[in-house]
Structure formats: C-alpha cells, structure tokens
Amino acid sequence: MAEEHHHHHHLFHRHNDGEAEGSGEVDYEKEEKHHKHLEHLAELGAIAAGAYALHERHRAKSDPENAHAHRVKEEVAAVAALGAAGFAFHEHHQRKDAKKHAQN
C-alpha cells in the first residue's frame, strides 16, 4: 500500500513541489525576503483599515440618521487595523531572526 503524504498549506506559507521539505537546509536570505514582503503587506493593510476607520468616523458625523452603523463599521475597521499592525510587528521580528541566522 502506497503511503500518502498530506501537505498542510497555510495561507502564506507554502512549500514548492521542487523543494525538499526534509532536507533540513533553510535559505535564510529567502526567508528574510519572504517575511519582509509579508511585513509590508501587513503595513499596507493597517494603513488601509485605519483610513477606512477615519472615513467611517467622518461619515458618522455627517450622516446622523445612520451614525450607529457608521460607528460600528469604524470600530471593526479599527480592530482590523490593530490586527494588521500586530501581524506587521510579528513579521518584523521574524525577519530580524532570519537575518540573524543568515549572518551566522
């Protein structure tokens, strides 16, 4: 009976079919570049969500009939911005670790 290998692909961490997963060698320069890319994407997400939160705050003031809905959207956008900023912070530290390993 042939043994099947199940690969669990996460959202941003995928293995290419050409890479040997069990080789034990890690290309830390490539990993640093990968984390830098994710950090920049997270920063853009934080900026976009923050801008949308500010937009909804303005809409809440200028549209008193639907102010509650705009305040809810503002809060959701603010939480999304905070989450994206936290992810950017996490990726920044992952990048620093990869850079430290690459220099050794």
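Just above, that's the structure.
As a starting point, this report considers the structure included with it.

Thresholds, definitions, all that
Residues numbered from 1 in each chain as written. Predicted model: local features only at pLDDT ≥ 70, side-chain atom pairs only at ≥ 80, totals over all residues. Heavy atoms only, no water. Helix = DSSP H or I, 4+ residues; strand = E, 2+ residues; numbered from the N terminus. Buried < 20%, exposed > 50% of the residue type's maximum accessible area, 1.4 Å probe, protein only. Areas by Shrake-Rupley, 256 points an atom, 1.4 Å probe, with all protein chains shown as cover. Contact = heavy atoms within 4.5 Å. Salt bridge = Lys/Arg side-chain N within 4 Å of Asp/Glu carboxyl O. Expected span 1.5 Å × (residues − 1). Axes fitted to C-alpha atoms, helices over the stretch in contact; angles between N-to-C directions. Parallel < 35°, antiparallel > 145°, perpendicular 65-115°, else oblique. Left-handed = near helix turned anticlockwise from the far one by under 90°. Nonpolar A, V, L, I, M, F, W, Y, C, P; charged D, E, K, R; others polar. Patch = residues over 30% accessible without salt bridge, like charges linked within 9 Å, V, L, I, M, F, W, Y side chains within 5 Å.

### Thoughts on the overall build of the protein
At step 1: Along its length, the protein carries two helices and zero strands.
At step 2: For the protein, the proportion of its 104 residues judged to be buried stands at 18%.
At step 3: Working note: accessible area of the protein is about 8500 Å², and carbon and sulfur atoms make up 55% of it.

### Overview of the side chain of Glu91
At step 1: Considering the arrangement of structural elements, one finds Glu91 in helix 2 (residues 67–103).
At step 2: Apart from the residues within four sequence positions on either side, Glu91 is in contact with His35, Leu38 and Glu39.

### Side note on the pattern of salt bridges
Side-chain pairs of opposite charge can arise where the charged atoms are in close proximity.
At step 1: All chains considered together, the criterion is met by two salt bridges.
At step 2: Here Arg95 and Glu39 are joined by a salt bridge, their closest N and O atoms 3.4 Å apart. With Arg95 in helix 2 and Glu39 in helix 1 (residues 28–62), the pair connects residues that are 56 residues apart, well separated along the chain.
At step 3: With a shortest N-O distance of 2.9 Å, Arg57 and Glu74 are connected by a salt bridge. Remark: Glu74 occurs in helix 2 and Arg57 occurs in helix 1; sequence separation between them is 17 residues.

### Remarks on helix 1
At step 1: Along its 35 residues, helix 1 runs 51 Å from first to last C-alpha, staying within 8% of the 51 Å computed at 1.5 Å per residue.
At step 2: Listed as buried for helix 1 are His35, Leu38, Glu39, Ala42, Ala46, Ala49, Ala53, Glu56 and Ala60.
At step 3: In this structure, the buried residues of helix 1 make contact with helix 2.

### Some points on the environment of His93
At step 1: Among the structural elements, His93 can be located in helix 2.
At step 2: The exposure class of His93 is partly exposed, given its relative accessible area of 31%.

### Some points on the packing of helix 1 against helix 2
At step 1: Taken N-terminus to C-terminus, the directions of helix 1 and helix 2 make an angle of 165 degrees; their axes are 7 Å apart at the nearest point. When the interaxial angle is binned, helix 1 and helix 2 end up roughly antiparallel. Read as a crossing pair, helix 1 and helix 2 show a hand that is left-handed.
At step 2: Among the residues making up the contact of helix 1 with helix 2, the classes are represented as 19 nonpolar, seven polar and 15 charged.

### Some remarks on helix 2
Residues spaced three or four apart along an α-helix face the same direction, because each turn holds 3.6 residues.
At step 1: Compared with the 54 Å implied by 1.5 Å per residue over 37 residues, the 54 Å span of helix 2 between its first and last C-alpha is a close match.
At step 2: Of the positions making up helix 2, those classed as buried are Ala67, His70, Glu74, Ala77, Ala81, Ala84, Ala88, Glu91 and Ala98.
At step 3: If you follow the buried residues of helix 2, they end up packed against helix 1.

### Considering a nonpolar patch on the surface
At step 1: On the surface, Leu41, Leu44 and Ile47 cluster together into a nonpolar patch covering about 310 Å² of accessible area.
At step 2: On the secondary structure map, Leu41 appears in helix 1.
At step 3: For Leu41, a relative accessible area of 42% translates into the label partly exposed.

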